[in-house]
Amino acid sequence: MANGQWYPPEWPDRIRALASGELTPATPRRAATVMLLRDGADSGAPEVHMLRRRASMAFAGGAYAYPGGGVDPRDDDHLVRWAGPTRASWAARLGVDDEAEAQAIVCAAVRETYEEAGVLLAGPTPETVVGDTTGDDWETDREALVSRDLSFADFLDRRGLYLRSDLLAAWARWITPEFEPRRYDTFFFVAALPEGQRTRNASTEADRTVWIRPAEAAAGYDKGELLMMPPTIATLRALAPHPSPRAALAAAPSQDMAPVLAEARLENGTLVLSWPGHDEFTKHIAAGSER
């Protein structure tokens, strides 16, 4: 492998099955992931919080990613205390049908950041953010969110918190290829680490977390040292030019939110796997080969 692109050996067979009509694409689940940024040391480039998925994970084991996960349908139908851009403006930015769906996606982004990194983008008023979230009572609620015994909407209600949607900005949207059995329609967000809060590895799916400059993480991928999926390295490259979290947030509205979906085709006996607009991820697989 010339770089760190995550590429399962079963993909060629699944691509062939899809092309022949033997494989019916699964419907992608809505999901959200957050690129959490903080100022770099000595006023250097900002750092992004990443976790390494456990090697035992069925999907992308060993790959570096951001905190994220699936949307909870319970967050569609319960209006939460909301600060920042309206739900209607979020629906327009995300390209979804209605305000309830937009709320659920933003809730998933905030919830997953709390579940997996211990950082909560919410506050007791529309202008504030909670401080330390490491107490036993907070941990009890976090574990209830992870197990889905508690919805995020109910969690916010119980604690009288406003979801700070103004601390997030939408950055990209990627959809898992049609030949994958587990498919996600994932919205990528960018956010800055709130003052007074600290990250920790709270995820059962990760064996390591790091704060790393996007350009440094991309260099590790290029050397084959860090394993990543195409959406991860693509978003890292897009983050790298921005000198601060504030600059990245300011640049977010200009980012293209058109969904990126891999395409697989057969050309002269060769399977070609590509991601439109991202030529670096194109793979050519000789027919009959496993890689």
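Look up: the structure comes first, before these words.
Basis of the calculations
Residues numbered from 1 in each chain as written. Predicted model: local features only at pLDDT ≥ 70, side-chain atom pairs only at ≥ 80, totals over all residues. Heavy atoms only, no water. Helix = DSSP H or I, 4+ residues; strand = E, 2+ residues; numbered from the N terminus. Rg over C-alpha atoms; globule rule 2.2 N^0.38 Å. Buried < 20%, exposed > 50% of the residue type's maximum accessible area, 1.4 Å probe, protein only. Contact = heavy atoms within 4.5 Å. Areas by Shrake-Rupley, 256 points an atom, 1.4 Å probe, with all protein chains shown as cover. Lys, Arg positive; Asp, Glu negative; His and termini not counted. Charge placed at Lys NZ, Arg CZ, Asp CG, Glu CD. Phe/Tyr/Trp six-rings, centres within 6.5 Å; stacked < 30°, edge-to-face > 60°.

Peer 1: Would you mind showing me how to read the overall build of the protein here?
Peer 2: A tally of helices and strands in the protein yields eight helices and 14 strands. The globule rule puts the C-alpha radius of gyration for 291 residues at 19 Å, and the 19 Å found for the protein is close to it. For the protein, the spread of C-alpha atoms along the three principal axes comes to 60 × 45 × 35 Å. Expressed as a percentage of the 291 residues in the protein, the buried residues total 51%. Residue pairs at least 24 apart in sequence account for 71% of intrachain contacts in the protein once pairs closer than 6 positions are excluded. Counting every atom, the protein has about 12,900 Å² of accessible surface; 48% of that belongs to carbon and sulfur. Of the side chains in the protein, 31 bear a positive and 43 a negative charge, and the two mean positions are spaced by 3 Å.

Peer 1: Teacher, can you tell me more about the environment of A169 here?
Peer 2: Structurally, A169 is set in strand β8 (residues 168-175). For A169, a relative accessible area of 10% translates into the label buried. Along the sequence, A169 and M35 sit 134 residues apart, while their C-alpha atoms lie 9.9 Å from each other. Contact partners of A169, with chain neighbours within four places excluded, come to W90, F188, F189, V190, L249 and A252.

Peer 1: Explain the packing of aromatic side chains to me, please; I cannot follow it from the model alone.
Peer 2: Each aromatic ring pair is summarised here by two numbers: the centre-to-centre distance and the angle between the ring planes. One pass over the structure, following the stated rule, counts eight aromatic pairs. Residues W174 and F281 carry aromatic rings whose centres are separated by 6.5 Å and whose planes lie at 70° to one another, so their mutual orientation is edge-to-face. Taken as a pair, W174 in strand β8 and F281 in strand β14 (residues 278-286) lie far apart in primary sequence, 107 residues in all. Side by side, W174 and F281 carry an identical accessibility label, which is buried. Clustering of aromatic rings is evident, with ring pairs tying together Y114, W138, F152 and F155.

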